[in-house]
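# Close look at the chain arrangement
Here is how the chains run, residue by residue.
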Amino acid sequence: MATKVSNCSGTEYGGASGGAAGDQTGHEVHVIPWYYYGQVAVYRHPDPKVRSELARLGRETAENPHVGYDQGGRLTFRNALRKVNYAPLKITTDCETDCSACTAALIEAVGALLGIQKLYDFDTTLSTHYMDGPLVAAGFKKLTGSKYTDTGDYLLAGDISLNPGKHVNIAVTDGSKSGGSSEPTWYQSKTPFSFTFKQKTRVRTSPSTASDANLRNSWWDAGDTAVFDGIAFGSGYVWGTYIGATTGLRLFSAMGTHEFGSAS
């Protein structure tokens, strides 16, 4: 399976600026398969907790329809993230970001959440032109060579890929040759269980399905109840299989909690 990245792609019109705040299409800020855009280096933090948090925050940012793309308002996501104590899914006001501003804001978030001053102090105004030195100074190890830049197979979830002056994004799953394991392990319930959503919740297919992006704008409303027959834990997410379907549906975003609903 292809490595997945949290990626800031462009406005609803496909450009760098303009358009309405928030993600109008589901494709302005989203999780997609790794792709080549001329990467020259990968930046990997030696602390697995840092990498895990970066991957989690990257996914959650992509999941929130209030976060869109617009270079003209690129710092409004950072500002909104600070107001909700660095919990991307709790942002309820439409805001904007771009690839470098989003990556930098999430580095600051990890620093705040884990108490790592070098990460918390990361300059959130940087463009991709100037990220190389600050990433190294913040404790990331710079990895070069085609095995890291020309393929996603050797990336670990939380790795940052960079082409200065062009683009940056964050891996949210481990590559197939990385030695990591961020994909879910499936658990089958002895009996089906009912799950009631506490708030309007976006539905995603299982990370093992190719049609993942097709359900990006499908929703469960608050109060809706669905019956599931299995759950899986991986990459900070909990997934379930809906009765009668073969795809997985995301139940809630924080491992071990019932943020969006309750099971009975």
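Our structure's up above, just so we're on the same page.
Residues numbered from 1 in each chain as written. Predicted model: local features only at pLDDT ≥ 70, side-chain atom pairs only at ≥ 80, totals over all residues. Heavy atoms only, no water.

## Re the pairing of strand 1 (residues 4-8)
Most of strand 1 sits inside the fold, with five of its five residues counted as buried. Burial along strand 1 is two-sided: Lys4, Ser6 and Cys8 facing one way and Val5 and Asn7 facing the other are all buried. Two strands pair when backbone bridges link them, and strand 1 and strand 8 (residues 167-171) are joined in this way by two bridges, in the antiparallel orientation. Pairing of Ser6 across the sheet is with Ile170, part of strand 8. (Buried < 20%, exposed > 50% of the residue type's maximum accessible area, 1.4 Å probe, protein only. Helix = DSSP H or I, 4+ residues; strand = E, 2+ residues; numbered from the N terminus. Pairing = 2+ DSSP bridges.)

## Re the state of the cysteines
In this structure the tally under the stated criterion is zero disulfides. The thiol of Cys8 is unpaired, and the distance to the nearest cysteine sulfur, on Cys102, comes to 4.0 Å. Classification of Cys8 as buried rests on a relative accessible area of 6%. The thiol of Cys95 is unpaired, and the distance to the nearest cysteine sulfur, on Cys102, comes to 9.4 Å. According to the relative accessible area criterion, Cys95 is buried, its value standing at 2%. (Disulfide = S-S within 2.5 Å.)

## A closer look at the sheet that holds strand 2 (residues 29-33)
Strand order in the open sheet formed by six strands is 2-1-8-7-3-6, and the pairing between neighbours is antiparallel. Strands at the two margins of the open sheet, each flanked by one partner only, are strand 2 and strand 6 (141-143). Looking at each pair of strands side by side, their axes are set apart by 30° on average, direction ignored. The pairing of strand 7 (residues 160-163) with strand 8 spans four bridges and is classified as antiparallel. By the bridge assignment, Ser161 is partnered in strand 8 with Asn169. Here helix 1 (residues 48-63) sits on the sheet in contact with strand 1, strand 2, strand 3 (41-44), strand 7 and strand 8, set at roughly 115° to strand 2. (Axes fitted to C-alpha atoms, helices over the stretch in contact; angles between N-to-C directions. Contact = heavy atoms within 4.5 Å.)

## Describing the packing of aromatic side chains
Taken as a whole and judged by the stated rule, the model has one aromatic pair. For the ring pair Tyr35 and Tyr37, a centre distance of 5.3 Å and an interplane angle of 50° mean the geometry is tilted. Above the face of the Tyr154 ring, Lys147 is positioned so that its terminal group lies 4.5 Å from the ring centre. (Phe/Tyr/Trp six-rings, centres within 6.5 Å; stacked < 30°, edge-to-face > 60°. Lys NZ or Arg CZ within 6 Å of the ring centre and 35° of its normal.)

## Considering empty space enclosed by the protein
Following the criterion strictly, the structure yields three cavities of 30 Å³ or more and no others. Of the volumes computed, that of the largest cavity is approximately 50 Å³. Ser6, Asn7, Cys8, Gly58, Cys99, Cys102, Thr103, Leu106, Val168, Asn169 and Ile170 together form the lining of the largest cavity. Taken together, the elements giving at least two residues each to the lining of the largest cavity come down to strand 1, helix 3 (99-114) and strand 8. Across the lining of the largest cavity, the residue classes tally to six nonpolar, five polar and no charged. (1 Å grid on protein atoms, 1.4 Å probe; cavity = no way out; pocket = protein on both sides within 12 Å on 5 of 7 lines; lining within 4 Å. Points joined across faces, edges and corners; volume = space filled by probe spheres on them. Nonpolar A, V, L, I, M, F, W, Y, C, P; charged D, E, K, R; others polar.)

## Topic: the packing of helix 1 against helix 3
Interaxial distance between helix 1 and helix 3 falls to 9 Å at its minimum, and their mutual angle equals 125°. With respect to their mutual orientation, helix 1 and helix 3 come out oblique. Read as a crossing pair, helix 1 and helix 3 show a hand that is right-handed. Along its contact with helix 1, which presents Lys49, Val50, Glu53, Leu54, Arg56, Leu57, Gly58 and Thr61, the element helix 3 presents Cys102, Leu106, Ile107, Ala109, Val110, Leu113 and Leu114. Here the residues of the contact of helix 1 with helix 3 sort into 10 nonpolar, two polar and three charged. (Parallel < 35°, antiparallel > 145°, perpendicular 65-115°, else oblique. Left-handed = near helix turned anticlockwise from the far one by under 90°.)

Spatial relationships are all this shows, so hold off on functional conclusions.
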